[in-house]
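Fold and geometry: a report
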Amino acid sequence: MADHASERPQQSGAAPILVASNRGPVSFRTEDDGTLSLRRGGGGLVSGLSAIDDPNAVWVCAALSDADRTAARKAPDGRLDRAGHDVGGQAVRMLDIDPETFARAYNGVANSTLWFVHHLLYRTPVQPAFDADFRTEWDAYRAYNTAFAEALAAEAAPGAAVLVQDYHLSLAPALLRALRPDLRIGHFSHTPWAPPDYYRLLPDDVAADVLEGILGADRAAFLTRRWALAFADCCEALLGADVDRDALTVTHAGRTTRLGVHGLGADGEFLRERAHRPDVDERLTALREAVGDRRTIVRVDRTELSKNIVRGLLAYRHLLRSRPEWLDRVVHIAFAYPSRTDLAEYREYTAAVRRIAEEINAEFGTADWQPVLLHVDDDFPRSLAAYRLADVALVNPIRDGMNLVAKEVPVVSDHGCALVLSREAGAHEELADDAITVNPFDVIATADALARALDMPAAERAERTGRLAAAATALPPQQWFLDQLGAL
């Protein structure tokens, strides 16, 4: 992959460890008086990075909003820590990328192209159509990745370890290697990886660029062996790379990239503590009042096309139609939090989720029984309350890199929970023995699985939940991150 940035001389910085991701550990908001207020984020990456005990480590991220861009512009070289912001004891370099370039790279390529390919989401009779507009977006994606590569090159100490995160930054490892061949570079994919036949939907040069971009890393890591092997298959089929599936290596253009597998787990200690705070207890009381003494089927997802919420609702409707013994005896608690609302497909999908929930309530509801409790606003304490209350957890994605909800519910469950789990979730690789497996496209089989889960004896539910929780917390975020660092 040619890049003219490599012709510029590079000064090395002082950071021995660097992380690069689209979203950083902090975000900003402009208050009414014009001042900026800072909000610290959560999630596996933030937890993972807190494991690094080195004040010189740097996290490079993009400014996602106008307030972020203002903060980044006012900080020297975008270094928020040097501008006096409390970024949690970490050094953070926030990149003020041109908003139009960012939007095209993020929405046009990352979320509307690479995400769709890896999750097998395209309606192929009409999508994709890679036209002149796409080429403009692809140029933006390359520019966005180049901005990250140049910032990492500037911050990294000689021989530093750099951990690049996810599909937003597929090109960054090779671009960074051209600038700083001394660095140890890792790339981690948090999504699935498409099999070669589907991956070939991409234009040939784009498909090759993405693969070669990641192969610029010394180590390319994935959530499951299945996704790692799919990546290797694509490298072999499209690039003619030499693949060793036993050793998990890909050799191409004279370089060998090692493949790694790190199944990110739930942060059990944090979840158990957080799930018993007063705000969660308060929401649990409200949910119990709404449910009464009925059984509960719980799902908690973003309204993401891959999460398969619509078929989950259709399966629940089939359960009620085909098993009248469950009428007025079960409530489906469905939390579907807004996602990517700037994309039309996502707005339409959210509308479909609302419509089907309303249809189910209209068909079966009574004066004192609402069969579906749907919420589409984000409320983490309420999610934890639902986890604690769940008799059955429904996790049925079309395709998912991991799916942490499948791991979190058993950890937080008060009395044991039967897990109905799609075989297309990465978590299935670890949890299959104690879950009830479903084909995510089979609505009737999913309804049967829900019935089996509802009928499961309490003692069996509790035993399975204990084993599920142990598997789910086997690789908590801090250890997950340190393992990758150690492997570099």
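Structure: see above.
Residues numbered from 1 in each chain as written. Predicted model: local features only at pLDDT ≥ 70, side-chain atom pairs only at ≥ 80, totals over all residues. Heavy atoms only, no water.

Re the sheet that holds strand β14 (residues 372-375)
Basically, it comes down to this: One requirement defines pairing of two strands: DSSP has to find at least two bridges between them. Under the scheme used here, helices are H or I runs from DSSP no shorter than 4 residues and strands are E runs no shorter than 2 residues, and both carry numbers assigned from the N terminus. What counts as an axis is a line fitted to C-alpha atoms, over the stretch in contact for a helix, and the angles between N-to-C directions run from 0 to 180 degrees. Whether two residues are in contact is decided by their heavy atoms, any of which lying within 4.5 Å being enough.
Here 6 strands make up an open sheet; going across it, the order is β14-β13-β12-β15-β16-β17 and the pairing parallel. The open sheet is flanked by β14 and β17 (436-438), the only strands paired with a single partner. When strand polarity is set aside, the average angle formed by the axes of neighbouring strands in this sheet is 20°. Both strand β12 (residues 295-302) and strand β15 (residues 392-395) contribute to a ladder of 2 bridges, which runs parallel. Bridged to V298 within β15 is A393. This element, helix α14 (residues 405-412), spans β12, β15 and β16 (418-422) of the sheet and lies at about 170° to β15.

A few points about the packing of α14 against helix α17 (residues 458-472)
Keep this limit in mind: Convention used here: angles under 35 degrees read as roughly parallel, angles over 145 as roughly antiparallel, angles from 65 to 115 as roughly perpendicular, and any remaining angle as oblique. Handedness of each helix crossing follows the sense of rotation of the near helix against the far helix: counterclockwise by less than a right angle gives left-handed, clockwise gives right-handed. Think of it as three bins: nonpolar holds Ala, Val, Leu, Ile, Met, Phe, Trp, Tyr, Cys and Pro, charged holds Asp, Glu, Lys and Arg, and polar takes everything else, Gly as well.
With their axes 8 Å apart at the nearest point, α14 and α17 run at an angle of 125° to one another. Taken together, α14 and α17 sit at an angle that is classed as oblique. Regarding α14 and α17, the two cross each other, and that crossing is left-handed. Judged by residue contacts, K407, P410 and V411 of α14 engage T465, L468, A469 and A472 from α17. Residues belonging to the contact of α14 with α17 are distributed by class as follows: 5 nonpolar, 1 polar and 1 charged.

Considering the nonpolar core
Operational definition: By convention a nonpolar core is built from buried Ala, Val, Leu, Ile, Met, Phe, Trp, Tyr and Cys residues, the set being connected through side-chain atoms within 4.5 Å. Exposure classes here rest on a 1.4 Å probe applied to the protein chains alone. A residue is buried below 20% of its type maximum, exposed above 50%, and partly exposed in between.
Of all hydrophobic cores here, the largest spans 175 residues; its most connected members are W193, Y199 and I333. Per-element accounting of this core gives the leading share, 9 residues, to helix α4 (residues 132-155). The contact partners of I333, leaving out residues within four places of it in the chain, are L287, V291, T296, I297, V298, R299, L373, A386 and L389.

Re the sheet that holds strand β10 (residues 249-252)
Spatial ordering of the open sheet is given by β5-β4-β1-β6-β7-β8-β11-β10-β9, a layout of 9 strands whose pairing is mixed. The two strands at the open ends of the sheet, each matched to only one other strand, are β5 (91-95) and β9 (242-244). Within the sheet, the average angular offset between the axes of one strand and its neighbour, ignoring direction, is 20°.

Some words on the layout of surface pockets
This is how it is decided: The pocket and cavity definitions rest on a 1 Å grid over protein atoms only: a 1.4 Å probe that fits but cannot leave marks a cavity, an open set with protein on both sides within 12 Å along at least five of seven lines marks a pocket, and residues lining either have an atom within 4 Å of a point. Grid points are joined across faces, edges and corners, and a volume is the space filled by probe spheres set on the points.
Looking at the second largest pocket, its volume works out to about 450 Å³. Around the second largest pocket, the lining comprises 17 residues; the ones closest to its centre are L121, R123, L305, Y349 and I398. Only α11 (309-322) and α12 (344-364) provide two or more residues apiece to the lining of the second largest pocket. Counting residues per element, the lining of the second largest pocket draws most heavily on α12, at 4 residues. In terms of residue class, the lining of the second largest pocket is built from 9 nonpolar, 2 polar and 6 charged.

Points about helix α10 (residues 278-291)
The condition is simple: One less than the number of residues in a helix, times 1.5 Å, gives the span that helix is expected to have. In this context, the arc is that of the directions from the helix axis out to the C-beta atoms.
Here α10 is 14 residues long and its end C-alpha atoms lie 20 Å apart, about the 20 Å a rise of 1.5 Å per residue gives. If you check which residues of α10 are buried, you get V280, L284, L287 and V291. Each buried residue of α10 sits inside an arc of 65° when the element is viewed along its axis, so together they form one side. In α10, the exposed residues that point more than 90 degrees away from the buried face are P278, E282 and E289. Next to the buried residues of α10 lie α9 (268-274), β12, β13 (330-337), β14 and α13 (380-389). After α10 finishes, the residue G292 shows a positive phi value of roughly 70°.

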